[in-house]
Amino acid sequence: VQLQASGGGLVRPGGSLKLSCEASARAYKESAMGWFREAPGKEREFVAGISWSRGTTIYADFVKGRFTISRDNAKNTVFLQMNSLKLEDTAVYFCAADITRQYSVVPRTYEYDYWGQGTQVTVSS
């Protein structure tokens with residue numbers, strides 16, 4: 001089971017980045033997918049999630065209207081488009097798969113079974 005996150009980098013405040021997470025079929029098929037982040041000295045927190053069926057999405061309040069999660073089921077890949085980035089968005093971003101949930105998606109970290117290695121996003125002027 002593998003999840004490979006990519007797309008992180010250094011960006012100025014107000015800029016954009018698009019993260020990608022390619023997963024093995026075992027992790028991706030019929031799984032809810034989520035993005036989380038972990039800033040230095042802080043706990044890992046939920047950012048966005050998307051269900052397998054219908055593509056239902058949920059977002060943390062602090063990214064609503066700025067970030068968009070999507071998935072390409074033909075490529076076993078989930079994306080996180082991040083716009084209007086702020087200094088406080090600086091963190092390592094992780095993708096994760098909840099293989100027990102097909103029809104919904106939840107923000108709880110402990111519900112996710114498989115995790116990628118993380119990609120660094122740094123917002124700095």
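Higher on the page you've got the structure.
Residues numbered from 1 in each chain as written. Predicted model: local features only at pLDDT ≥ 70, side-chain atom pairs only at ≥ 80, totals over all residues. Heavy atoms only, no water.

Draft legend 1. Examining the pattern of salt bridges more closely. A full pass over the atoms with the stated rule returns eight salt bridges. Taking the shortest distance from any N to any O, the salt bridge between Arg44 and Glu38 comes out at 2.9 Å. On the basis of relative accessible area, Glu38 is assigned to the partly exposed category, the value being 30%. A salt bridge links Lys64 to Asp61; its shortest N-O distance comes to 3.1 Å. For Asp61, a relative accessible area of 63% gives the class exposed. Look at the salt bridges and you will find they share partners, linking Arg37, Glu45, Arg66 and Asp89 into a network. (Salt bridge = Lys/Arg side-chain N within 4 Å of Asp/Glu carboxyl O. Buried < 20%, exposed > 50% of the residue type's maximum accessible area, 1.4 Å probe, protein only.)

Draft legend 2. Representation of the packing of aromatic side chains. For the coordinates displayed, the defined rule picks out five aromatic pairs. For the ring pair Phe36 and Phe46, a centre distance of 5.6 Å and an interplane angle of 75° mean the geometry is edge-to-face. With a gap of ten residues between them, Phe36 in strand S4 (residues 32–38) and Phe46 in strand S5 (residues 45–50) connect regions that are remote in the sequence. Across the pair, exposure class does not vary: Phe36 and Phe46 are buried alike. (Phe/Tyr/Trp six-rings, centres within 6.5 Å; stacked < 30°, edge-to-face > 60°. Helix = DSSP H or I, 4+ residues; strand = E, 2+ residues; numbered from the N terminus.)

Draft legend 3. Representation of the state of the cysteines within the structure. Enumeration according to the criterion identifies one disulfide in this entry. Covalently, Cys21 is tied to Cys95 through a disulfide, its sulfur atoms 2.0 Å apart. Here the S-S torsion is close to 60°, and the disulfide linking Cys21 with Cys95 is therefore right-handed. Of this pair, Cys21 sits in strand S3 (residues 17–23) while Cys95 sits in strand S9 (residues 91–98), and the two are 74 residues apart along the sequence. For the pair Cys21 and Cys95, one class covers both residues: buried. (Disulfide = S-S within 2.5 Å.)

Draft legend 4. Up close: the sheet that holds S3. Read across the open sheet, the four strands follow the order S1-S3-S8-S7; overall the sheet is antiparallel. The sheet is open, and its two edges are formed by strand S1 (3–6) and strand S7 (67–72), each paired on a single side. Taking each pair of neighbouring strands and ignoring which way they run, the sheet shows an average axis angle of 15°. Pairing analysis gives six bridges linking S3 to strand S8 (residues 77–82), with the strands arranged antiparallel. Considered in S8, the bridge of Leu19 is made with Leu80. (Pairing = 2+ DSSP bridges. Axes fitted to C-alpha atoms, helices over the stretch in contact; angles between N-to-C directions.)

Keep in mind these numbers describe shape, not what the thing actually does.
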